[in-house]
Each structure stands twice: as C-alpha cells, then as structure tokens.
Amino acid sequence: MYTQMKTFKLTLSMLLAAMLAGSAVSCSDDGEEINPLEEKDAALAPVIPQYVNNTVIVTYKALADATIDLCESLLELREDKTQARLEAAAAAWITTRVYWERSEAFLFGAVADFGIDPHIDTWPLDEPAFVNTLNSAGFIESMSGDDGDVWVAEHLGYSLLGFHGIEYILFEQGHAKNVASITDSELIYATAVGGDLRNQCIRLEASWAGIDNVTAFKRDLIEDLELVIMPTNSTISYGENMLAAGQPGSTYRTVTDAAVAILEGCLTISTEVGEVKIGTSYNKEDEDYIESPYSYNSKTDFIDNIQSIANAYLGGADETRRGPSVSDYVKAKDASLDEKVRTSILEAIAKIDAIPHPFAINYASPQAGQAMDACAELTAALEEAKTLLQQ
C-alpha cells in the first residue's frame, strides 16, 4: 500500500532520539553536556525538508508535467503533420530537457534504483539500430497501438529510448526539421517513445512525492501500468525516507548523512559534466560522444546541470524557492569555503557558456578545455564542503 507524503517537522527532540550513543560530548557555559553530532544534525534539520519538498519534488513535478505536454505535442503532430505542430513539439522537447538536466544533481534514489537515467537519457543514439527498427513493419505496427509506450519499454534497448531518439526525429543541425522530411513511421516511433519517457518521469515524481500527492491522471497511469515507485522492502516513499533521516526506518542514519548525500549528488554531476560530457569528446576518447547533438542543445544541457548543483546547494528549485540550505551551514562554519563553492558554480556556468556554439562542432575548442577546468574546480570546492559536513 502506498503512503501519503507528509512534510515532517524535524524537531530537536526527534533528532536527539536518533543520535549515536557514546558520541563525543563537550560542555556549554552552564556545564551542560553538548553532543556535537546532535548539534550539527539540529543545525542541518531544516535543510532536508527544503531540499525534498522545494528542490527535488518541485523539479520532478515540472519534469513530469513537461513530458505530458511533449506527448500531447507529438500526438498532435502525428495526427496533423504540419510545420507549426513540428515547431511546437520541438519547443516542448527543449522545455522538457531543462527540467531533466536540472534534476541531475540528485541522480540517486528512484532514478538510480529503477535505472531511469539510462532508460531515458542514453547517448549517442544507435542510428543503425534506429534505421532497422523504423524499417521493420512488425515493429512499427507494435508501436502504433495505444500500448506502444509499453511495447517500446519492453522491446527497445536504452540507446533507442528516451530523449535522443525523439530529438533525432525532430531536429537537424540545431533546428526543427522540415516537416516533409519526417516519415509516418518516425512519428509512430516518436509518440511511443515519448509515452515511455512520460511514464518514467511521472514515476520519478510519484516515487518522491508519494502516490497520493500526484494528479489523478498520473496516479491512474502508475496503477494501470503497475509501475514500481517504492524503495525495496519499504512502506514509505523516497521523499519520506529522506525527510525521516535520523529516525527509525530511514536509510539515512543521521540528518548529516542526508545532507552529505545532497553534496554527493552535486559531486556526481559536476564530475560528469567536466570529465565525461565535455571531456570525452574534447580529449578525443570518443568524438561522437556528444549529448543532444541534433538539437545543438549540449551547452544548455551542461549549464542546466550546473544549475542543478546550485539549486541543491542553495536550497530550492529556483531563486523564488530558496530556503534553508547546505550553503547556510557551510557559511556558518567557513564563510570563505561557502563563497568558494558559490563562485565556482558561477565560474563553471560562465566557462561553459563561453564555448563557441554549437558544442557538437566546437567540442575541441580551448574554451571547452577551460570549462573542464572550471568543473574540476567546482568538484574540488564541493569535496571541501562535504569534508566539512563530515567533520
């Protein structure tokens, strides 16, 4: 049975009950013993609900809603193949990418446990397999029905699913294609794969927010498709699990462990942007390993990845939602380190933006190397912040 998401108010008394017995203690001015771990967890306690409710869930809801719009745009294009409808679908794809890339600072929890990241965002597209799939009358017939989204999830590999197969159909050299060049078979494929993309992103939202906190449409889809949204051997959602950090039943032993997980998510994507997304082609390890090469959206993807770090570190999915954050704790302990992290975020964004457009052509430019260096500096700053939290 699915449980409803609750916004936990982690009080100091709840935190005290969860602390390790035997931790080192110090004395306050009035002689009372103070447990440093309890004190740190109490300081970090407001960070966790802000992160879960106003960073993760808000982002995943926006992503799920955007994929619903993308699916509708693709269906409209399939039903009435006009240039205007193609442009609308291409714009919907770009919008959806923003929310996905801004979720990549938290590629843990459901997205990792259920393999959703490779399912919807594997690149490069396997173009020979794509052509073979489109040339198979049997495959196209299987995709064309109302359950085409289920069929592709069960029969196509990751290199044919998700964002980049749809991108290949809609875009060429950074622009929406001429609609006359898109075949009916390609649109059948796009709508089926788009439906699967939608299903996986709705699954992400529900896995963190709880089944009772998504719309009726999303809830019905999850139940009809029997999508697993709960952690293994758990009766609470991923969001509830993190909100309950330091309490019995949570996989996070302390609130500090949950805060460290926030920074580890940031570290994962800062490393990936610099060393993999930019570095793989820049270092000529694989010059075809370029994200979003047909839409020329690579730089925007990278910048949104760094923005996802900013949102996780500063607390809130955008500037209007800022609240208690890891940044607040780091600043209270070491203001210069907090400034270093903040500056490194801005510098990484600036250096990525300075790469000549499009990245798909300019991946070997000196500016790409400078962007890699800026990402490495951001990673180092985040490592320092993680060490501070763990002290």
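Attention in this report is confined to the structure presented alongside it.

Scoring rules and cut-offs
- Residues numbered from 1 in each chain as written.
- Predicted model: local features only at pLDDT ≥ 70, side-chain atom pairs only at ≥ 80, totals over all residues.
- Heavy atoms only, no water.
- Buried < 20%, exposed > 50% of the residue type's maximum accessible area, 1.4 Å probe, protein only.
- Helix = DSSP H or I, 4+ residues; strand = E, 2+ residues; numbered from the N terminus.
- Arc of directions from axis to C-beta.
- Polar contact = N/O pair within 3.5 Å; in protein donor to acceptor, adjacent residues only side chain to side chain.
- Contact = heavy atoms within 4.5 Å.
- Salt bridge = Lys/Arg side-chain N within 4 Å of Asp/Glu carboxyl O.

With respect to helix H2 (residues 36–44)
Think of an α-helix as 3.6 residues a turn; residues three or four steps apart then line up on the same face.
Alright, step 1. Regarding H2, the residues found buried are Leu-37, Lys-40, Asp-41 and Leu-44. Taken around the axis of H2, the buried residues stretch over an arc of 100°, which confines them to a single face.

A word on helix H7 (residues 127–134)
Alright, step 1. What H7 keeps buried is the set Phe-130, Thr-133 and Leu-134. In an axial view of H7, the angular spread of the buried residues amounts to 95°, which keeps them on one side of the axis. In H7, the exposed positions that point more than 90 degrees away from the buried face belong to Pro-128 and Asn-132.
Alright, step 2. With a side-chain oxygen positioned 3.2 Å from the backbone nitrogen of Ala-129, the residue opening H7 is Asp-126.

Concerning the side chain of Lys-386
Alright, step 1. Relative to the elements of secondary structure, Lys-386 occurs in helix H19 (residues 366–390).
Alright, step 2. Residues within four places of Lys-386 in sequence aside, it is in contact with Val-260, Leu-263, Glu-264 and Leu-267.

Section: the pattern of salt bridges
Where charged atoms from two side chains of opposite charge approach closely, those side chains can pair.
Alright, step 1. Tallied over the entire structure, the rule returns 22 salt bridges.
Alright, step 2. Salt-bridge contacts for Glu-291 lead to Arg-97; the nearest nitrogen and oxygen are separated by 2.9 Å. Placement of the pair is Glu-291 in the loop between helix H14 (255–282) and helix H15 (298–314) and Arg-97 in helix H4 (residues 83–101), with a sequence separation of 194 residues.
Alright, step 3. Residue Glu-291 is classed as buried on the basis of its relative accessible area, which comes to 1%.
Alright, step 4. With its nearest N and O atoms 3.0 Å apart, the salt bridge here joins Arg-102 to Asp-304. You can see Arg-102 sitting in the loop between H4 and helix H5 (110–113) and its partner Asp-304 sitting in helix H15, a full 202 residues away along the chain.
Alright, step 5. Here the salt bridges share partners, and the residues they tie into one network are Arg-97, Glu-101, Glu-104, Asp-121, Lys-277, Glu-291 and Asp-301.

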